[in-house]
Amino acid sequence: MATANDIAQLAAGLAQLAERLATHDAQPAPRPLPPRVLLTVEEAGERLGIGRTTAYSLVRSGALESVRIGRLRRISVSAIDAFAARLVAGSAGEAAA
């Protein structure tokens, strides 16, 4: 059976361990990820402020350029920006007419 001295030593050891755990970072800070270049169709739709169905329709018609990677369909950020610029240029041309 444990003596009072054994229990005191165990308690002191546990206190030291608790102090070390409290001051030690268990996990390093996660490394920030670089901005993504290719987005899913849903993410592209969110970025454009349109629905998923509309985004897929634009991809299907070719109005929104996309690429296939295996079975995945991805849209580049530059393609989204170009599509938005075409929309703005088109609406500016209509307003001038």
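Let me sum up the structure you'll find in this document. Every value quoted in this text rests on a predicted model; they were computed, and no experiment measured them.

Here we look at the environment of E43
Item 1. Its place among the elements puts E43 in helix α2 (residues 41-48).
Item 2. Within the structure, the side chain of E43 is placed 2.7 Å from the side chain of R36, a separation counted as a polar contact.

A short note on the sheet that holds strand β1 (residues 38-39)
The pairing of strands in a sheet comes from backbone hydrogen bonds and takes either a parallel or an antiparallel form.
Item 1. One open sheet holds the three strands; their spatial order is β1-β3-β2, and the pairing between them is antiparallel. In this open sheet, the two edge strands, each paired with only one partner strand, are β1 and β2 (67-69).
Item 2. In this sheet, strand β3 (residues 72-76) lies alongside β1 in antiparallel orientation, the contact comprising two bridges. Residue pairing in the sheet places L38 in a bridge with S76 of β3.

Considerations on the nonpolar core
Item 1. Counting residues in each nonpolar core, the largest one holds 12 residues, listed as L39, V41, A44, A55, L58, V59, L64, I75, V77, A79, I80 and F83.
Item 2. The greatest single-element share of this core, amounting to four residues, is contributed by helix α4 (residues 77-96).
Item 3. In contact with L64, other than residues within four places in its own chain, are L48, L58, V59, I75, A79, I80 and F83.

Here's the deal with a nonpolar patch on the surface
Item 1. A cluster of nonpolar side chains, contributed by V37, L38, V67, I69 and L72, occupies part of the molecular surface with about 400 Å² of accessible area.
Item 2. Looking at the element boundaries, L72 is found in strand β3.

Calculation criteria
Residues numbered from 1 in each chain as written. Predicted model: local features only at pLDDT ≥ 70, side-chain atom pairs only at ≥ 80, totals over all residues. Heavy atoms only, no water. Helix = DSSP H or I, 4+ residues; strand = E, 2+ residues; numbered from the N terminus. Polar contact = N/O pair within 3.5 Å; in protein donor to acceptor, adjacent residues only side chain to side chain. Pairing = 2+ DSSP bridges. Core = buried A, V, L, I, M, F, W, Y, C linked by side-chain atoms within 4.5 Å. Buried < 20%, exposed > 50% of the residue type's maximum accessible area, 1.4 Å probe, protein only. Contact = heavy atoms within 4.5 Å. Patch = residues over 30% accessible without salt bridge, like charges linked within 9 Å, V, L, I, M, F, W, Y side chains within 5 Å. Areas by Shrake-Rupley, 256 points an atom, 1.4 Å probe, with all protein chains shown as cover. Salt bridge = Lys/Arg side-chain N within 4 Å of Asp/Glu carboxyl O.

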